[in-house]
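Residues per chain, in single letters:
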Amino acid sequence: MVTRIGGLASGMDIDSMVEKLMQAEKAPLNKLHQNKQKYEWQRDAYRDVNKQLKTFDEYIQKNMMYKKDFAKKTVVSSNSAVSAIPTSAQNGQTLNIDNVERIARAGNTKSGDGKIAAGTEGTKKISEITGITPGTVEMSVLQTDGTYKDVSLTFSANDSIDEVISKLKNGEDGKGTGLNAFYDKASGKISLSTRATGAGEAYRAATPDDANPGDYTFTPVSASVVVKSDSNDFFGSLGFATKDLRDPANQEGASVGKGLITNGENAKLTVNGMEIERQTNTFEVDGFSVTLNNTFNGTGVQPISLTTKTDTDNMMEKIKGFVEAYNGLIESLNSKTKEKKNRDFAPLTDEQKKDMEEKEIEAWEEKAKSGMLRSDQLVQGVLRNMRNDMYSKTSGSSTEFDMLYKLGIQTSDKTADNGKLIIKDEDKLRAAIEKDPDAVYELFTGSSVENPGIADRIKKSIKESTIAIEKKAGKADSVNNTFNLGLRLNETEDRITNWKRKLADIEERYWKQFGAMESAINKANQQSASLFSGQTQ
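Structure report, in brief. Along each chain, residue indices are assigned from 1 in the same order as the chain's sequence is written. Totals for whole chains, interfaces and linings use every residue, but because this is a predicted model, local features are given only for residues with pLDDT of at least 70 and side-chain atom pairs only at 80 or more, for both listing and counting. Side-chain numbers here rest on the full set of heavy atoms in the structure, without hydrogens or water.

### Regarding empty space enclosed by the protein
Operational definition: Of the two site types, the cavity is a set of points on a 1 Å grid over the protein atoms alone where a 1.4 Å probe fits but cannot get out, and the pocket is an open set with protein on both sides within 12 Å along at least five of seven lines, each lined by residues with an atom within 4 Å of a point. Grid points are joined across faces, edges and corners, and a volume is the space filled by probe spheres set on the points. Gly falls in the polar group here, along with every residue not listed as nonpolar (Ala, Val, Leu, Ile, Met, Phe, Trp, Tyr, Cys, Pro) or charged (Asp, Glu, Lys, Arg).
Under the definition given, this model contains 2 cavities of 30 Å³ or more. Computed from the structure, the largest cavity encloses a volume of approximately 60 Å³. The residue inventory of the lining of the largest cavity, partitioned by class, reads 9 nonpolar, no polar and no charged.

### A closer look at helix 11 (residues 437-445)
The criterion, for reference: Burial here depends on accessible area, computed with a 1.4 Å probe over protein chains only, as a share of the maximum for the residue type. Under 20% is buried, over 50% is exposed, and the range in between is partly exposed. Numbered from the N terminus, helices here are DSSP runs of H or I no shorter than four residues, and strands are runs of E no shorter than two. Residue contacts are defined here by distance: any two heavy atoms, one from each residue, within 4.5 Å place the two residues in contact.
For helix 11, a buried count of 8 out of 9 residues is recorded, marking the element as mostly surrounded by other parts of the structure. For helix 11, the complete set of buried residues consists of P437, A439, V440, Y441, E442, L443, F444 and T445. Those residues of helix 11 hidden inside the fold are in contact with helix 3 (67-70), strand 18 (304-310), helix 6 (312-338), helix 10 (426-435) and helix 12 (454-473). Directly after helix 11, the chain includes G446, whose backbone phi takes a positive value near 80 degrees.

### Examining unusual backbone geometry
In this structure, N272 takes a positive phi of about 50 degrees despite not being glycine. Relative to the helices and strands, N272 resides in the loop between strand 14 (267-271) and strand 15 (274-278). Given a relative accessible area of 48%, N272 falls into the partly exposed group. The phi dihedral of N418 is positive, around 55 degrees, even though this residue is not glycine. On the secondary structure map, N418 appears in the loop between strand 19 (409-411) and strand 20 (421-423). A residue is classified by how much of its surface remains accessible, and N418, at 25% relative accessible area, is partly exposed.

### A word on the pattern of salt bridges
Side chains bearing opposite charge may pair, as long as their charged atoms lie close to each other. We count it as follows: Think of a salt bridge as a Lys or Arg side-chain nitrogen and an Asp or Glu carboxyl oxygen that are within 4 Å of each other.
Going through the model one piece at a time under the given rule, you end up with 19 salt bridges. Its salt-bridge partner being K268, residue E101 comes within 3.7 Å of it at the nearest N-O pair. With E101 in strand 3 (residues 94-102) and K268 in strand 14, this residue pair connects regions lying 167 residues apart in the sequence. Judged by its relative accessible area of 47%, E101 falls in the partly exposed class. The residue R105 makes a salt bridge to E265 at a minimum N-O spacing of 3.5 Å. Of this pair, R105 sits in the loop between strand 3 and strand 4 (108-110) while E265 is found in the loop between strand 13 (255-261) and strand 14, placing the two residues 160 residues apart along the sequence. For E265, a relative accessible area of 30% puts it in the partly exposed group.

### Let's talk about the pairing of strand 18
The cut-off we apply is this: Strands are labelled as partners when DSSP assigns at least two bridges between them.
Side chains I304, L306, T308 and T310 of strand 18 all project onto a buried face; the interleaved residues S305, T307 and K309 project onto a face where none is buried. With 5 bridges connecting them, strand 1 (residues 73-77) and strand 18 associate as antiparallel partners. Looking across to strand 18, one finds that S77 is bridged to L306. By the bridge criterion, 4 bridges tie strand 3 to strand 18 in an arrangement that is antiparallel. Residue pairing in the sheet places T94 in a bridge with T307 of strand 18.

### With respect to the environment of L329
For L329, the location among the structural elements is in helix 6. For L329, a relative accessible area of 5% corresponds to the buried category. With 273 residues separating them in the primary sequence, L329 and F56 have C-alpha atoms 7.4 Å apart. Leave out the neighbours within four places in its chain, and L329 touches Q52, L53, F56 and M386.

### A short note on the layout of surface pockets
Put simply, the largest pocket is a space of about 350 Å³. Lining the largest pocket are 19 residues, with K38, K341, R343, G371 and M372 positioned closest to its centre. With 4 residues, helix 2 (residues 27-63) is the single largest residue contributor to the lining of the largest pocket. Among the residues making up the lining of the largest pocket, the classes are represented as 7 nonpolar, 4 polar and 8 charged.

### Points about the side chain of N266
Rule in force here: Each polar contact in these results corresponds to two N or O atoms within 3.5 Å; when the atoms are within protein, one needs to be able to donate a hydrogen and the other to accept it, and residues that are neighboring in sequence are counted only if both atoms are side-chain atoms.
By the secondary structure assignment, N266 is in the loop between strand 13 and strand 14. A polar side-chain atom of N266 sits 3.4 Å from a polar atom in the side chain of E277. What N266 contacts, discounting residues up to four positions off in sequence, is R102, I103, A104, G198, A199, E277, R278 and Q279.

### Quick look at a negative patch on the surface
Worth spelling out the cut-off: Here the term patch refers to residues with relative accessible area over 30% and no salt bridge, with like charges joined within 9 Å and nonpolar side chains (Val, Leu, Ile, Met, Phe, Trp, Tyr) within 5 Å. Per-residue and other accessible areas follow the Shrake-Rupley method at a 1.4 Å probe size, with only the shown protein chains counted as cover for residues. Residues counted as positive are Lys and Arg, residues counted as negative are Asp and Glu, and His and the chain ends are not counted. To locate a charge, take atom NZ for lysine, CZ for arginine, CG for aspartate or CD for glutamate.
Together, E357, E358, E360, E362 and E366 make up a region of like negative charge exposed at the surface. Relative to the helices and strands, E357 is located in the loop between helix 7 (350-354) and helix 8 (358-369). Residue E357 is classed as exposed on the basis of its relative accessible area, which comes to 57%.

That is the geometry; function is a separate question.
Here it is, written out as structure tokens:
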């Protein structure tokens, strides 16, 4: 380490002189830093292209690739009593509803008169109500999916009416029982109903024959809530009416439980001449998801017709959205390849930034970044491939609608638009959709893997282009030595490190030289002083 003497003998500002000399020496290092910044900006510009390609690819996947979304069908109903949506029904398929005798409804029941005095607060405990006996009940409750759920509830003397209601609705675990329940303070009654519509399973209700003790009268009944056990007759103490249930195949057998809710009803209707029942008012029939909104007496009138129809407006909007998204992408990419390079605005060095305001730096760097992908072959290749994909013929089932221009979609004739699409004739597009929606769908998505459509081809081109760009610029989580610009960045970093060492050596050399000069001057001054001192003596 050289001792640095700052011009004591010579009177010169050595620090300032070395600094200026080093500024000149640093020119190659500054150039390397600027090159590094350019590589980083170019890398980020490429990655932005891939981000835009991914966004367009996701748009295609979401809006164009699935028939249920792109070529969506609706159902036209001739009567508001019944509505439907298509599930697998083909375009133009019809279903006739001859009548709707009954719509499905949930069963319900209520507690008896006088068991809880009218006006009783919901906070009152069971122990404070005469005649109500706490206990454990085991129930089987019809669910909305048609299955039954086993429910076990324990009611204690300390439970309030409100807590009883909560348990009936939510269960001991809070996951729900399949029951709705509420307490009406004005009447002192509790209402119970199933959340599921439908009659439930079939049983035989056994009623004691008063004329013949020990004998029963059996009546067909369906139950949506069956009490399997009630330890202290909790429901009975509340005055809920129940029916003794027997196995429908063995009515003489033992009781299988008590029917707590037995008045639920299935929907009953006639479809294409066949009478059917369903637990719910929305169900699947022959490719239609049918919803019953009201009863319908078809006697002497035309049946309700449900007819599938392609949602033309939806397809129009999807295609318009596709054109808009495509145009936005190519406009952005074209702007990158045509962006002016500002050669007079090199990346700023750290030293230059020290003397500038933040806004000045931003304005400078905006100009310095411009043109990073000007005339770039990779990006131009993306544009070229997509244009080819867009205008190639689709080998689907239709030859009438196998190219975009046959739908009224053409390339803009304005040079400045750089190949943007325009819907030249919306009436022609609508007419094509209404005439053969499947062919229009195939134009975009193809009829098979061997016969890809426009969207398929573009997705393939995007994938290939994305891979090529990643080889050049990597991804956000890529390591530098896995892509081309990353290798250049590593190489530049190595050169920067080497130059920093070299500059340190150069600066050391300058200080040695100035140190030697200072020593020589100091020695000369001492000799001069000695001679002058001898003469004066």
